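Structural overview for review
Take a look at the letters that make up each chain.
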Amino acid sequence: MRTRLVTVLLALITAFLVIPGAAATADEQGGESLHGQIVQPDDRDQGVEGIEITVFQEGDEIVVAATDPDGMWEAELPGPGTYRVVVDQESVPDDFAVRETALLSDGEAEVEVESGDRRPFIVVLEMAGASSGGEAEQSESPSPEDEATEGDEGEAPAEDESVEVEGVSGGFGERFVQLTAAGLLFGLVIAVSAIGLSLIFGTTQVINFSHGDMVTFGAMMALLFSSGAAGMGNSLLAIFAGLGVAVLLGAFMEGRLGRTVLVALQWVSVMAGIALATVLGVFFPDLGWKVPLWAAAGIAVVMGAVLGGSLERYLWRPLRKRDVALIQMFIVSIGLALILRHVILVMFGANRTRYAGFQVQELVHIGPISMPPRDLVIMGVAVVVLVLVACLLQFTRIGKAMRAVSDNRDLAESSGIDVDRVTLYVWLLGGGLASLGGVLFGLNQVVDYEMGFRLLLLMFAAVILGGLGTAYGAMVGGISVGLVAMLSTLWFPTQLMQAWALALMILMLLVRPQGLLGQRERVG
């Protein structure tokens with residue numbers, strides 16, 4: 001056992017060493033800067049090249065940056081302070097014009113940059129001659145708010161979104177409808193992310209504190225593969241491909257092959273993935289490619305499932321076999337969360353960003369409700385996923401086995417169910433759903449290395465509110481938590497948004513400890 005543990009540690013160290021370049025990113029990004037992307041108004045995936053952005057401080061010109069073929073630009077700053085940003089109107093193509101917003105007037109804006117801040121600056125183009133009033137300002141409203149709060153560390157992105165929804169003109173009734181829609185959106189994202197957390201607890205009794213960082217992992221992987229996967233992306237794909245094959249071999253060939261042969265095949269798979277990652281990192285560092293966000297999300301879900309399955313197969317199952325106490329496993333999950341979070345920090349940096357092409361969208365008006373198209377897509381995807389998960393649990397053989405193991409692990413094992421294999425499937429499902437939840441949450445808000453941690457307490461609240469160990473309880477609890485969090489901003493400051501959701505959880509524990517859909521259990 002000790003030899004195998006040392007081998008696993010060496011393999012992981014080798015894997016991180018062969019990932020090229022990006023591991024040093026966090027250290028290289030210690031200075032202050034402004035950055036952004038300028039895209040065509042009729043095609044948000046197409047950048048506009050050659051637009052010049054000049055940055056002044058106290059009347060002195062600091063730096064001039066120009067957009068590249070993808071519309072990306074970045075201006076390095078000498079330090080924190082207040083800067084005046086000027087968009088050169090003459091460098092804008094004749095077909096377009098700079099849209100007036102609350103922060104950008106006549107192509108100029110004042111920006112406050114804090115120490116170590118790599119801050120986005122949003123510039124939106126419109127067709128030349130288009131009206132810049134009313135509707136245009138509403139469609140732009142989410143991005144300046146994100147821009148204004150970019151340097152804040154204390155508030156979760158969801159709270160910024162609630163401020164924006166609350167600011168819609170109208171009386172109490174209209175605000176109530178808007179916040180209900182925003183709460184339903186937020187609750188659906190929480191529900192998708194929390195299903196795996198609930199099922200994992202039901203089948204293993206493990207409180208997986210690292211679940212939030214698995215959410216972050218999915219969002220980061222989708223960002224990586226949708227923006228360009230050269231170097232680090234290729235190496236990660238190779239490593240996770242090797243891990244995935246090893247997990248599948250253990251799932252389907254255990255009991256059919258001898259233990260020695262199976263372990264050898266698994267190690268061959270893992271080492272082959274590491275070797276391929278090394279070859280790609282050393283000999284093909286510039287082999288770049290990217291896919292649309294929907295395809296990147298699919299890759300992220302698969303990688304999240306592999307991450308969850310690998311953790312179960314090579315960490316949690318050995319700990320259970322050694323009869324490690326639940327409190328010790330809880331401490332291990334906290335340590336695992338810290339490891340995942342800081343590895344993501346080192347690899348991707350501490351910057352907050354949005355998925356390219358979804359930063360600014362025209363609002364869609366459905367009666368009193370106004371939402372960007374991306375939020376409607378998020379809600380549709382979340383509803384479809386929740387329905388599919390419910391059908392899986394209710395009508396399929398593996399889903400019924402998951403529910404049986406979650407209800408009573410010992411009884412399920414005595415009735416002939418392979419609980420280890422079912423537990424592995426639960427971790428695969430939980431990891432995939434956590435990654436999908438991260439993509440949806442990042443699409444609605446911003447992507448950063450702490451996004452999953454900020455969502456974690458709300459996921460725990462949803463699971464406890466709905467009933468520990470039940471997938472349906474996580475669905476109901478997630479939607480309830482999202483609605484309470486958003487609607488509370490009608491009467492209370494947005495800073496208390498999460499506090500009211502957690503207060504609802506405490507109230508449920510006092511009134512109905514088993515949760516909304518949980519069942520009473522006899523103790524003793």
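Presented here is a report on the structure given in the accompanying data block. Quick caveat, the model's predicted, so the values are computed rather than measured. (Residues numbered from 1 in each chain as written. Predicted model: local features only at pLDDT ≥ 70, side-chain atom pairs only at ≥ 80, totals over all residues. Heavy atoms only, no water.)

**Brief notes about the packing of helix α12 (residues 373–395) against helix α15 (residues 419–444)**
Packing of α12 against α15 brings their axes to within 10 Å, and their N-to-C directions diverge by 165°. With respect to α15, the axis of α12 lies roughly antiparallel. The handedness of the crossing between α12 and α15 comes out as left-handed. When α12 is examined against α15, the residues R374, D375, I378, V381, A382, V385, V389 and L392 are found in contact with a partner set consisting of L429, L433, L436, L440, L443 and N444. Classifying every residue of the contact of α12 with α15 by side-chain character gives 11 nonpolar, 1 polar and 2 charged. (Axes fitted to C-alpha atoms, helices over the stretch in contact; angles between N-to-C directions. Helix = DSSP H or I, 4+ residues; strand = E, 2+ residues; numbered from the N terminus. Parallel < 35°, antiparallel > 145°, perpendicular 65-115°, else oblique. Left-handed = near helix turned anticlockwise from the far one by under 90°. Contact = heavy atoms within 4.5 Å. Nonpolar A, V, L, I, M, F, W, Y, C, P; charged D, E, K, R; others polar.)

**Things to note about the sheet that holds strand β1 (residues 33–37)**
By definition, the strands of a sheet pair up through backbone hydrogen bonds, in either a parallel or an antiparallel sense. Judged by pairing direction, the sheet is mixed, and its 3 strands sit side by side in the order β6-β1-β10 without closing on themselves. The sheet is open, and its two borders are formed by β6 (72–76) and β10 (118–120), each paired with just one other strand. Adjacent strand axes in the sheet meet at a mean angle of 20° when their direction is disregarded. Where β1 meets β6, 5 bridges bridge the pair, whose relative direction is antiparallel. (Pairing = 2+ DSSP bridges.)

**Here we look at the nonpolar core**
Core analysis: the biggest nonpolar cluster contains 104 residues, and I195, M221 and Y355 have the highest contact counts within it. If we skip the residues at most four places from it in the chain, I195 touches L386, V389, L433, A471, A474 and M475. One finds L77, V98, V111 and V113 within the second-largest nonpolar core, a separate group that totals 23 residues. (Core = buried A, V, L, I, M, F, W, Y, C linked by side-chain atoms within 4.5 Å. Buried < 20%, exposed > 50% of the residue type's maximum accessible area, 1.4 Å probe, protein only.)

**Topic: the packing of aromatic side chains**
Counting across every chain of the model gives 6 aromatic pairs. Ring plane angle 70° and centroid distance 6.4 Å describe the contact between W73 and F121, whose orientation is recorded as edge-to-face. Pair noted here: W73 is in strand β6 and F121 is in the loop between β10 and β11 (125–127), with a separation of 48 residues, a long-range link. For F121, a relative accessible area of 2% corresponds to the buried category. Among the aromatic residues, those joined into a ring-pair cluster are F209, F330 and F460. Over the aromatic face of F56 sits the side chain of R84, whose NZ or CZ is 4.6 Å from the ring centroid. (Phe/Tyr/Trp six-rings, centres within 6.5 Å; stacked < 30°, edge-to-face > 60°. Lys NZ or Arg CZ within 6 Å of the ring centre and 35° of its normal.)

So, to be careful, I would describe these as geometric facts and stop short of saying anything about function.
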